[in-house]
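One-letter residues, chain by chain:
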Amino acid sequence: MNDSLGFLTGGGLMGERIAGHDWSATSLGPMSAWPAALRTTLGTVLSSRFPTYMCWGPELIGFYNDAYLPILGMKEALGLPFREAWSEAWGTVGPIAERAYAGEASYYEDLPVTSERLGYPEQHHYTFSYSPVRDEQGRVGGILCTVFETTHKVKAIGELRELNENLSHQVAAHAADRDRLWRISPDVMAAASLATGRFLTVNPAFTESFGWTAEEATTRPFMDMVHPDEREDVARHMLILAGGTPLVNYETRVLHKDGSCRWVQWTISPEGELLYGVARDITAEKQQADALRQAEDALRQSQKMEAVGQLTGGLAHDFNNMLAGVAGHLELMKLRLRMGQTGDLPARIDAALGVTQRAAALTHRLLAFSRRQALDPKPTSVNALVESMTDLVKRSAGPAITLRTQLQAALWTTLCDPNQLESALLNLANNARDAMPEGGAIVIETENAVIAPLQAGRYGDLKPGEYVLVTVRDSGAGMPPDVLARAFDPFFTTKPMGRGTGLGLSMVYGFARQSGGHVRIDSIPGQGTEVRLLLPRLVAEMPAPQAVDGDAPLPAACRKGTVLVVDDEADIRNVMAEVLRLQGYTVMEAADAPQALRQLQERGQERGRSGRPDMLVTDVGLPNGMNGRQLADQVRMLWPQIPVLLVTGYAESTVMRNESLPAQMELLTKPFAMTALAAKVGAMLGACAGTAAGAAAGVAQAADTGAADEVPA
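Residues numbered from 1 in each chain as written. Predicted model: local features only at pLDDT ≥ 70, side-chain atom pairs only at ≥ 80, totals over all residues. Heavy atoms only, no water.

A. Seen up close, the sheet that holds strand S18 (residues 562–566). Read across the sheet, five strands follow the order S19-S18-S20-S21-S22 without closing on themselves; strand pairing throughout is parallel. Looking at which strands have only one partner, the edges of the open sheet turn out to be strand S19 (586–590) and strand S22 (665–669). Adjacent strand axes in the sheet meet at a mean angle of 20 degrees, parallel and antiparallel pairs treated alike. Sheet topology places strand S20 (residues 615–619) next to strand S21 (residues 644–648); four bridges connect them, and they run parallel. The partner of Thr-618 across the bridge, within S21, is Leu-646. The sheet contacts of helix H19 (residues 570–582) involve S18 and S19, and relative to S19 the element is tilted by about 170 degrees. Sitting on the sheet, helix H21 (residues 628–638) touches S18, S20, S21 and S22, and the angle it makes with S20 is about 160 degrees. (Pairing = 2+ DSSP bridges. Helix = DSSP H or I, 4+ residues; strand = E, 2+ residues; numbered from the N terminus. Axes fitted to C-alpha atoms, helices over the stretch in contact; angles between N-to-C directions. Contact = heavy atoms within 4.5 Å.)

Written out as C-alpha cells, the structure reads:
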C-alpha cells in the first residue's frame, strides 16, 4: 500500500476492498482527490472494532468496516448511495440520515428496521447513533453511524415479558382464561412458597395424579409428599431454585395418597420466593423403560449363551478328536507292551505328544481370544520380525502368490510378545493365501501411526496415542458385510470342513487387545481384504536392572543346586520334580505357598543358616490365600536375587497382562515339554552365574515391590 493510501492501514478486509474499488465512477472521484476529513474519518472507521457505517457527499456514498459486515448479510453497499443500498429501510432511516447530514445528531435504541440483508424482508432491531462529520471548512461533509444489532435482546426481553405476564396472570385471582387452562390441563400445575415450604395452589390434575385434594395439598409441607428416599435430593434442588435458577425436566418420586409412589418430571421457574411448576407423571414411561432394559438384558444373555454354545460345540469337537488320538496311541502302547513289542513305542510316544501339542495350540488360541493368555512382552522391532519370517510366508503362500513388504524406516519399537505377533502375522498371511486360490499378491506394511481422539473411535475403545501399525493386505475374494461382521467370532469360518478351526482371527483379536492395541478389518468383495493391527509404541527403553543388596551372586556350580517346585497339581509337580532330579538338581516340593514357606524355614533351622534354595519354580494359580507371584515376592524379600520361573496355563491379573517381569523372573506357559522346563531352569541358573549374562536383558525389569492380585492357573 503506497503512502497516499496510508489511512487504510490496518483496515482489514474492507481496507483492501476500498483500496481496490473504482471510485472514479462515483461522485467522490478518485481517492487522490478525497478531502483530508474524509480520509481521516474513514481511517478511524476502519480501525474500529465496533460496527460502523459512514456516508460522504450529497449522495451519501457508503463506507463501512469489517465489524459491520454481519449487519449487511448478503447485501453489497460499498460505494453505493445510502438510499440505494438500504432502499427497503429508507422510509425508516432515511429521514434520520438526512437530518444528520443537515447537522443534527441523533440516537435511537432498539429501533425496528425492515431489511432484506438475506434476500427476503425481515424485521431487525438496532441501537445506533447518527452524527454529522464536518470537513476542513466546517461544513457537513458526511455522516457517521455507529450501530449495534439488538434483535436477540429485544426478542428475549419480549419473551421474558410474555412469560412473566403469563405467570402473573396465572397466579392472579383466577382469571377466566387461566382458570380454563388450569382446569383442563392433563399436566400438574402448582404454585408454591419457598418461605413456607407449602403449595399455594394446585390444579385439578394434581388431585387426579396424586390423590391429594387441593386443601390437603396446600395445608401440609410439600416435602411430606416427597418419597423419603428423594427428600435429600429435593432439598438440594430447592437451594438451586432459591438462587434463581430454574429446573427443567427434574425427575423425582412423589407419594400418592394411597401409599404408592409416582415418578414425576418437574419444570419449575422461580419468581422471587415463589415457585411456579408444571409436572408430568412419567411412571408408565419408567415402567416401560425398565421392561425394555430387562428385555435387552435377556437378549444379551441369549446372545451370550448362543456364543457359548457355538464356542463349546466347536471346542468339544476338536478336543474329542485330539483325546481320541492320544487315547488311541496309549492303548496301542499298552497292547504292544503286553505283547512284548516295544520297537515302535518311541514313534507312538512322539505321535501322542504331537496331538497334545495341537491341543495346546488350540487352548492358546482360545486364551488369546478371551484375552487371558499369559504373554511374554518384550521390546520388539516389528520390521526385524517381519523380515525374519518373509521366507516362511513365501513358502507357505506358494509360487502363485507374490509377497511384498513395505517397511517404514525408523519404525518405533513396540512392547509385545514377539512369538504371538509372529503367530498372528502367519495367521493373517495364511488367510490371505486361502482367499487367492488362483494367485495374487500379499503386502505386509509397517508404519508409525498417531491415533487422534477422533480416529480412535474407529477402533472401539482404543486410547489415542502413538502406535506401530502393521497392515496385511491381499488382492483376494474379499468378504461380504455379513461375513465381515462375524470375522472375529470364535469357530466361525467359511473354509471347507477340515481346513480351519475358525480361531485364527479371534486369536489375532485377542492378542491385539491384550497387548493394549486393536485390530480392524476392511474388505470389499472381489477387491481384497486389509487387516490393520495396531500395537502401542514403547515410549521409553526398558530400564537396566539395578543391583539389590542382600545376597552375593550365586556360585558357578548353581546349575546342580537346589530347586523348590511349587504346584497344587500333584501329577504335574511330581513330573517336573522328577525331570529336574534326572538333570542332577536337588528338588524340594510343595503343594501351596504356605507349605513352601514352612519348608524353607525348616530347611534353614536344620542347617543352622539360611534356608535359601538356588531357584524357585512355581505355578501362578495356587490355593490357600497366596498365588505364585505373591510367593515369589515373599521369597525375594528374603533373597532378592533368587531366580524365579512362573508356570501357568493363563494369567489375568494386572501384573501378568502385558507387563515385563522383574529381573531374573520368567514365564513358562502350560502345557510345555519337560525338555523345555529343563532347558529354561538350566538357562536361568546359568545366567545368574554369569554363563549366559545377556539371555534375559531384553525383558529384565526392576522388581515389583507391591503385592500382586491372585492369578488363577
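B. Inspection of the packing of aromatic side chains at higher detail. Within the structure shown, the criterion is met by 16 aromatic pairs. Plain terms: the ring middles of Trp-23 and Phe-63 are 4.8 Å apart, the flat faces sit at 25 degrees to each other, and that makes the pair stacked. Taken together, the residues Trp-23 in the loop between helix H1 (12–20) and helix H2 (36–47) and Phe-63 in strand S2 (residues 61–64) connect sequence positions 40 residues apart. Across this residue pair, the class does not change: Trp-23 and Phe-63 are buried. Ring geometry for Phe-199 and Phe-222: centres 5.6 Å apart, planes at 55 degrees, overall tilted. Residue Phe-199 is located in strand S7 (residues 198–202), and its partner Phe-222 is located in the loop between helix H9 (214–218) and helix H10 (231–242); the two are separated by 23 residues in the primary sequence. Of the aromatic side chains, those joined through ring pairs into one cluster are Tyr-53, Tyr-64, Tyr-68, Phe-82, Trp-90, Tyr-108, Phe-128 and Tyr-130. (Phe/Tyr/Trp six-rings, centres within 6.5 Å; stacked < 30°, edge-to-face > 60°. Buried < 20%, exposed > 50% of the residue type's maximum accessible area, 1.4 Å probe, protein only.)

C. Quick look at the environment of Leu-13. Secondary-structure assignment places Leu-13 in helix H1. Residue class for Leu-13 comes out partly exposed when judged on its relative accessible area of 42%. It is 8.1 Å that separates the C-alpha atoms of Leu-13 and Asn-65, two residues lying 52 residues apart in sequence. Those residues in contact with Leu-13 that lie beyond four places of it in its chain are Asp-66 and Leu-69.

D. Expanded view of the side chain of Ser-115. Secondary-structure assignment places Ser-115 in strand S3 (residues 106–115). A distance of 3.4 Å separates a polar atom in the side chain of Ser-115 from a polar atom in the side chain of His-124. If near-sequence neighbours (up to four positions away) are discounted, Ser-115 is found in contact with Trp-86, Glu-88, Tyr-120, Pro-121, Glu-122, His-124 and Tyr-126. (Polar contact = N/O pair within 3.5 Å; in protein donor to acceptor, adjacent residues only side chain to side chain.)

E. A look at the side chain of Arg-117. Note that Arg-117 resides in the loop between S3 and strand S4 (122–134). Dropping the residues within four chain positions of it, Arg-117 is found in contact with Pro-70, Ile-71, Leu-72, Gly-73, Met-74, Lys-75, His-124, Tyr-126 and Glu-149.

F. Representation of the sheet that holds strand S6 (residues 188–193) within the structure. Read from one edge to the other, the open sheet built from five strands follows the order S7-S6-S10-S9-S8, with strand pairing classed as antiparallel. The sheet terminates laterally at S7 and strand S8 (247–255), the two strands that pair on one side only. Within the sheet, the average angular offset between the axes of one strand and its neighbour, ignoring direction, is 35 degrees. Where S6 lies against S7, four bridges are found, and the strand directions are antiparallel. For Ser-193, the partnering residue across the bridge sits in S7 and is Arg-198. Helix-sheet contacts for H10 involve S8, strand S9 (261–271) and strand S10 (274–281), and the interaxial angle to S8 is about 145 degrees.

G. Representation of helix H14 (residues 390–397) in the model. For H14, the full list of buried residues reads Thr-390, Val-393 and Ala-397. Down the axis of H14, the buried set is contained in an arc of 65 degrees. They therefore lie on one face. Where H14 is buried, its residues touch helix H13 (382–388), strand S12 (401–407), helix H15 (418–434) and strand S14 (440–451). (Arc of directions from axis to C-beta.)

H. Expanded view of the pattern of salt bridges. Applying the stated criterion across every chain yields a total of 25 salt bridges. Taking the shortest distance from any N to any O, the salt bridge between Arg-236 and Glu-232 comes out at 3.6 Å. Placement of both Arg-236 and Glu-232 in helix H10 is noted, with a separation of four residues, approximately one turn of the helix. The exposure class assigned to Arg-236 is partly exposed, which follows from its relative accessible area of 44%. (Salt bridge = Lys/Arg side-chain N within 4 Å of Asp/Glu carboxyl O.)

I. Highlighting a nonpolar patch on the surface. A grouping of Met-74, Leu-118 and Tyr-120 is seen on the molecular surface, where their side chains present a nonpolar patch of about 330 Å² in accessible area. Examined against the element boundaries, Met-74 turns out to sit in the loop between helix H3 (69–72) and helix H4 (82–85). (Patch = residues over 30% accessible without salt bridge, like charges linked within 9 Å, V, L, I, M, F, W, Y side chains within 5 Å. Areas by Shrake-Rupley, 256 points an atom, 1.4 Å probe, with all protein chains shown as cover.)

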